[in-house]
Amino acid sequence: MSISIAPSILSADFCNLERDLDAIHAADLVHIDVMDHHFVPNLTIGEPVVKRICEVSKLPTDVHLMIDDPDRWAPQFAQNGADSVTFHMGATHAPVRLARQLHDMGTKACFAVRPAEPVEPIFDILSEFDMILIMTVEPGFGGQKFLDNQLGKVRRLRDEITRQGLNTRVEVDGGVSPKTAPLVAAAGADVLVAGSAVYGAPDITEAITSIREAAEKAYRD
Ligand code: DX5
Ligand code: ZN
């Protein structure tokens, strides 16, 4: 499996979104952070803006819902054109039902785990998801320091996916840069979200390429 790079538009210029979407043409996905001031202490964008991004983006859209009650709201993001919808373990009531509902709508389903949440409780329902997101910062803000204490979790998850013979992808989000990319890739992550390390770089294409190259060198299958 190859490495995918997913720049997070949380670090883009929200007044120049189309320009900043075009600027990440070297990436594989665009990562869209939706926050509600309840599940996390920050507020970003909602359905109408995500809908336009899905219409305009040339890259597949990876919508990361950091909101309460995704059981109620996630299907609307699928309806609005998201290729993949991520919802959090700490927010959902019926993750299997929601994943199946998203699949019925033709959308990928991804389950997210915060730093203090263990990944083991989802081992029995792994096959319901296309991707598992391991947060490598507390969700809510870009530009935070990478939590290397999450690497063991990434490793245990990758081992379990292999043991079950699944092709579930492992995404990491938070503090990913050319420096930390080899660590997460060596632990078994194959989808790398990066916000500030991409949009804060002087050359966006160069930043995407260096994260990709650093990860590819280190990736363990
Ligand atoms: C944080 C968001 C991330 C954020 C990552 O809660 O989920 O996607 O944009 O930003 P960096 O890459 O700057 O840590
Ligand atoms: Zn995110």
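Here is what the cut-offs are and how they apply
- Residues numbered from 1 in each chain as written.
- Chains lettered and ligands numbered in written order.
- Predicted model: local features only at pLDDT ≥ 70, side-chain atom pairs only at ≥ 80, totals over all residues.
- Heavy atoms only, no water.
- Donors = N, O, S within 2.8 Å, 3.2 Å for Na, K, Ca; no water.
- Tetrahedral: all angles 85-135°; square planar, octahedral: opposite > 155°, others 65-115°.
- Helix = DSSP H or I, 4+ residues; strand = E, 2+ residues; numbered from the N terminus.
- Buried < 20%, exposed > 50% of the residue type's maximum accessible area, 1.4 Å probe, protein only.
- Pairing = 2+ DSSP bridges.
- Right-handed = clockwise from strand over helix to strand, strands pointing away.

Draft legend 1. Main features of the coordination of the zinc ion (ligand 2). Donor atoms from the polypeptide that bind the zinc ion (ligand 2) are His-31 (NE2), Asp-33 (OD), His-64 (ND1) and Asp-173 (OD), placed at 2.1 to 2.3 Å. Its six donor atoms give the zinc ion (ligand 2) angles of 72 to 170 degrees at the centre, a pattern that matches the octahedral case. Read from N- to C-terminus, the donor residues coordinating the zinc ion (ligand 2) fall into the pattern H-x1-D-x30-H-x108-D. Here His-31 is found in strand E2 (residues 30–35), whereas its partner His-64 is found in strand E3 (residues 61–66), with 33 residues between them in sequence. Taking relative accessible area as the criterion, His-31 reaches 0% and is therefore assigned buried.

Draft legend 2. Representation of the pairing of strand E6 (residues 131–135). Here E6 lies mainly inside the structure; five of its five residues are buried. Burial of the side chains of E6 extends over both faces: Met-131, Leu-133 and Met-135 are buried on one face and Ile-132 and Ile-134 on the other. Both strand E5 (residues 108–113) and E6 contribute to a ladder of four bridges, which runs parallel. Bridged to Ala-112 within E6 is Leu-133. When E6 meets strand E7 (residues 169–173), the two strands line up parallel, connected through five bridges. In the strand pairing of E7, Ile-132 is matched with Val-170. Between E6 and its parallel partner E7, the chain crosses via helix H5 (residues 151–163), and the hand of that crossover is right-handed.

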